[in-house]
Amino acid sequence: MIKPDENTDCEMNVLARLVHSSQAVGCRFQLSSLPKCSNSTRSVRASLTKIRPTSARFMSSTMQLPSDLIFRQLFDYQSYTYTYLIGDKEKGEAVLIDPVLELVNRDTHLIQDLQLNLKYALNTHCHADHITGTGELKKQFPGCRSIISKDSGAKADLYVSNGDKITFGSQALTVLSTPGHTSGCVTYVLHHHDKPVLVFTGDALLIRGCGRTDFQEGCSATLYESVHSKILSMPPDTPLYPAHDYTGQTSTTVAEEKKHNARLTKTKEEFIQIMEQLNLPYPKAIDKSLPANLVCGVLDDLPNS
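Residues numbered from 1 in each chain as written. Predicted model: local features only at pLDDT ≥ 70, side-chain atom pairs only at ≥ 80, totals over all residues. Heavy atoms only, no water.

*Asks:* I'd like a rundown of the environment of valine 295, residues and numbers included.
*Replies:* You can see valine 295 is positioned in the segment after helix H8 (286-293). Sequence separation between valine 295 and threonine 132 is 163 residues, and the spatial gap between their C-alpha atoms is 9.6 Å. (Helix = DSSP H or I, 4+ residues; strand = E, 2+ residues; numbered from the N terminus.)

See the structure below:
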């Protein structure tokens, strides 16, 4: 006979699996057809609704990617950072955008599983919420070179500026200078048939938001101009991939942000006022992350290390 506490654990496991499975396909479930559950699981059931779409986001863009392109979006549950792997299947070369130090092993194994060679490890800016994995990735892939904006103030093997191209295999990322969150922010754009099909916005543009502008030489007016002139000027169905998301969403489009972004749909003056009144707390990881990122995440290069 199953003891009451064992039964509760069993119910919770079943519910957890159903919730997890439903989220994977973008649905929630109402388990009203099942027998009544114990008090400990009623709160779980109460949070589930009839089958319908969740807030999980799936790409609805009509943009067609190159047939020989490998694309993976990876997530860090600690800093809510997205890391992006983009590879050329035929040539076997790849780049990694915004890697996280603690997840270098994950990234390394994935790159090896896909039989790719990491040519470049890129950062969209000098991060303040996590330590970059570029330094450690260079140890795993000896031919790999690190890249960051020349305006970032951070160390790297190669420095890029507006209009530069980063090639890997037959693919290329175009660099757009999009300062404002920091003075050295850039956006990376992959084109196919002369259209932008993958746009990595860093912290300049987030889903329904944007990066803060109150540190690292940030400037609200500059950020507003960067986003509107460089990103939101692209075709409406252009898919945008941010460096972070805190609500479970994975991507957005130019059209969505022009319609729904609560900050960037305002006038420039209103936007500046909104940013000035955010009163955000001091970034909890900045004192550890920023010095490390200024030396490409190579902790041995830190002063007094």
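*Asks:* Could you give me a rundown of helix H3 (residues 104-113), with the residues and numbers involved?
*Replies:* Considered for burial, the residues of H3 that qualify are Val104, Asp107, Thr108, Leu110 and Ile111. For H3, the arc enclosing every buried residue in end-on projection is 165°, short of the 170-degree limit, so these residues lie on one face. Turned more than 90 degrees from where H3 packs its buried face, Asn105 and Asp113 sit exposed. Looking at the buried positions of H3, the neighbouring elements they touch are strand S1 (69-76), strand S2 (81-88), strand S3 (93-97), strand S4 (117-122) and helix H4 (134-140). Looking one or two residues past H3, glutamine 115 carries a phi angle of roughly 55°, positive in sign. (Buried < 20%, exposed > 50% of the residue type's maximum accessible area, 1.4 Å probe, protein only. Arc of directions from axis to C-beta. Contact = heavy atoms within 4.5 Å.)

*Asks:* Let's hear about the sheet that holds strand S12 (residues 252-253): which residues, and what values?
*Replies:* What the six strands build is an open sheet, ordered S7-S8-S9-S10-S11-S12; its pairing is mixed. Whereas interior strands pair on both sides, the edge strands pair on one side only; in this sheet they are strand S7 (165-168) and S12. Sheet analysis places strand S9 (residues 186-192) next to strand S10 (residues 195-202), joined by five bridges and oriented antiparallel. Opposite histidine 192, over in S10, you have lysine 195 as the bridge partner. (Pairing = 2+ DSSP bridges.)

*Asks:* Report on the nonpolar core, specifying residues and quantitative values.
*Replies:* Ranked by size, the top nonpolar core spans 23 residues in total, and within it Ile86, Ile97, Leu122, Ile166, Leu173, Tyr188 and Phe200 carry the most contacts. Breaking this core down by element, the ones donating at least two residues are S1, S2, S3, S4, S7, strand S8 (171-177), S9 and S10. Setting aside residues no more than four positions away along its own chain, isoleucine 166 makes contact with Tyr120, Leu122, Ile147, Val160, Gln171, Ala172, Leu173, Val175 and Tyr188. Formed by 17 residues, the second largest nonpolar core is a distinct cluster that contains Tyr224, Ile231, Leu240 and Val254. (Core = buried A, V, L, I, M, F, W, Y, C linked by side-chain atoms within 4.5 Å.)

*Asks:* Describe the pairing of S10, naming the residues involved and giving the relevant values.
*Replies:* Within S10, seven of the eight residues are buried, which leaves the element mostly enclosed by the surrounding structure. Taken together, S9 and the strand that follows it, S10, pair antiparallel across an intervening segment of two residues, in which histidine 193 is found at a positive phi of about 55°. In this fold, S10 hands off to helix H5 (residues 220-231), which returns the chain to strand S11 (residues 239-242); that crossover is right-handed. (Right-handed = clockwise from strand over helix to strand, strands pointing away.)

*Asks:* Please set out H5 residue by residue, giving values where relevant.
*Replies:* Here H5 spans 16 Å end to end across 12 residues, near enough to the 16 Å set by a 1.5 Å rise per residue. Listed in full, the buried residues belonging to H5 are Ser220, Leu223, Tyr224, Ser226, Val227 and Ile231. Axial view of H5: buried residues confined to an arc of 165°, hence all on one face. Residues of H5 that are buried sit in contact with S9, S10, S11, helix H6 (254-260) and helix H7 (268-276). (Expected span 1.5 Å × (residues − 1).)

Worth remembering: the numbers are spatial, not functional.
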